[in-house]
Amino acid sequence: NLNHSRYEALQLTLNRRLHRNWQMQASYTYSEAKGAAEDFLSELGNDPAATENEFGFLDFDQTHSVKFSALTHLPRNFSLAGIATWSSGYPYSFIRERNSLDTDGYTQFRRVFVRGKRNDRRSDPLYTFSTSVTKNFVIGEITGKIRFDIENLLNSDDLRVFDIDDSALINQVRGERRFGRRFEIGIEMHF
């Protein structure tokens, strides 16, 4: 496997340290992940006739990402936190499977990029909002905290597309849906 990949990123971060019971952090990341295969056993990239079209954005590339988080301490040992994230969509390819005969007359299955290059389309941007409430407590010599988290507060179930195969009469989409809203309860104790 002679494929290679390249990841480059630039990140800008702003921090507001704890002052008057609140703190925040904001960051922006510009990045590019380019290469010729997402994994060692990639089905795309096995066609020597399309070698020049293989290098492109990898399926996990998110060019732009903005994150904002804030935390405030409330009376009675409560704290409230929130995280908002926006990121550009993931790239995907239109592919087609073709049959061709090799020099000995055997059928070979070829997968090619319909629109020219690897991952030349992007899915919609992703938004995620999450929150957390924490209560600190002391019972005798035991200190601890109880935490309640809600991840993906808006219950987004975005579809992440890996590729679209238009070999058949109906386009076949290979992808996965994001988990919807999730809840988590945690207890931590020190004694």
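Residues numbered from 1 in each chain as written. Predicted model: local features only at pLDDT ≥ 70, side-chain atom pairs only at ≥ 80, totals over all residues. Heavy atoms only, no water.

### Observations regarding the overall build of the chain
No. 1: Broken down by element type, the chain carries zero helices and 13 strands.
No. 2: Moving toward the C terminus, one meets the helices and strands of the chain in the order β-β-β-β-β-β-β-β-β-β-β-β-β.
No. 3: The C-alpha atoms of the chain give a radius of gyration of 24 Å, which is well past the 16 Å a tight globule of 191 residues would have.
No. 4: Each principal axis of the C-alpha distribution contributes one length, and for the chain these read about 80 × 30 × 30 Å.
No. 5: The buried share of the chain, reckoned over its 191 residues, is 28%.
No. 6: For the chain, the share of sequence-separated contacts (at least 6 apart) that also reach a separation of at least 24 residues comes to 60%.
No. 7: Surface summary for the chain: the accessible area is close to 13,300 Å², and the carbon and sulfur share equals 55%.
No. 8: Each charge class in the chain can be summarised by its mean position, and for the 25 positive and 26 negative side chains these summaries are 10 Å apart. (Helix = DSSP H or I, 4+ residues; strand = E, 2+ residues; numbered from the N terminus. Rg over C-alpha atoms; globule rule 2.2 N^0.38 Å. Buried < 20%, exposed > 50% of the residue type's maximum accessible area, 1.4 Å probe, protein only. Contact = heavy atoms within 4.5 Å. Areas by Shrake-Rupley, 256 points an atom, 1.4 Å probe, with all protein chains shown as cover. Lys, Arg positive; Asp, Glu negative; His and termini not counted. Charge placed at Lys NZ, Arg CZ, Asp CG, Glu CD.)

### Concerning the pattern of salt bridges
No. 1: Going through the model one piece at a time under the given rule, you end up with seven salt bridges.
No. 2: Here Arg122 and Asp61 are joined by a salt bridge, their closest N and O atoms 2.5 Å apart. Here Arg122, found in strand 8 (residues 121-122), pairs with Asp61, found in the loop between strand 3 (56-57) and strand 4 (64-74); they are 61 residues apart in sequence, far enough to count as distant.
No. 3: Using a relative accessible area of 32% as the deciding quantity, one classes Arg122 as partly exposed.
No. 4: Classification of Asp61 by relative accessible area gives buried; the value is 1%. (Salt bridge = Lys/Arg side-chain N within 4 Å of Asp/Glu carboxyl O.)

### Considerations on the pairing of strand 9 (residues 126-139)
No. 1: Bridging between strand 5 (residues 78-87) and strand 9 involves ten bridges; their strand directions are antiparallel. The partner of Ser87 across the bridge, within strand 9, is Leu126.
No. 2: Here strand 9 pairs with strand 10 (residues 142-151) via nine bridges, running antiparallel. The residue bridging Thr134 from the neighbouring strand is Arg147, located in strand 10.
No. 3: Where strand 9 hands over to strand 10, the hairpin turn is made up of two residues, of which Gly140 adopts a positive phi near 65 degrees. (Pairing = 2+ DSSP bridges.)

### With respect to the packing of aromatic side chains
No. 1: For the structure on display, the rule yields two aromatic pairs.
No. 2: On the basis of an interplanar angle of 55 degrees and a centroid distance of 6.1 Å, the ring pair of Tyr92 and Phe94 is categorised as tilted.
No. 3: The class for Tyr92 is buried, based on a relative accessible area of 14%.
No. 4: Between Phe148 and Phe183, the aromatic rings sit 6.2 Å apart at their centres with planes inclined by 20 degrees, giving stacked as the arrangement. Taken together, the residues span a long stretch of sequence, with Phe148 in strand 10 and Phe183 in strand 13 (residues 182-190) at a distance of 35 residues.
No. 5: Given a relative accessible area of 35%, Phe148 falls into the partly exposed group.
No. 6: Residue class for Phe183 comes out exposed when judged on its relative accessible area of 55%.
No. 7: The side chain of Arg160 reaches across the aromatic face of Tyr90, ending 3.8 Å from its centre. (Phe/Tyr/Trp six-rings, centres within 6.5 Å; stacked < 30°, edge-to-face > 60°. Lys NZ or Arg CZ within 6 Å of the ring centre and 35° of its normal.)

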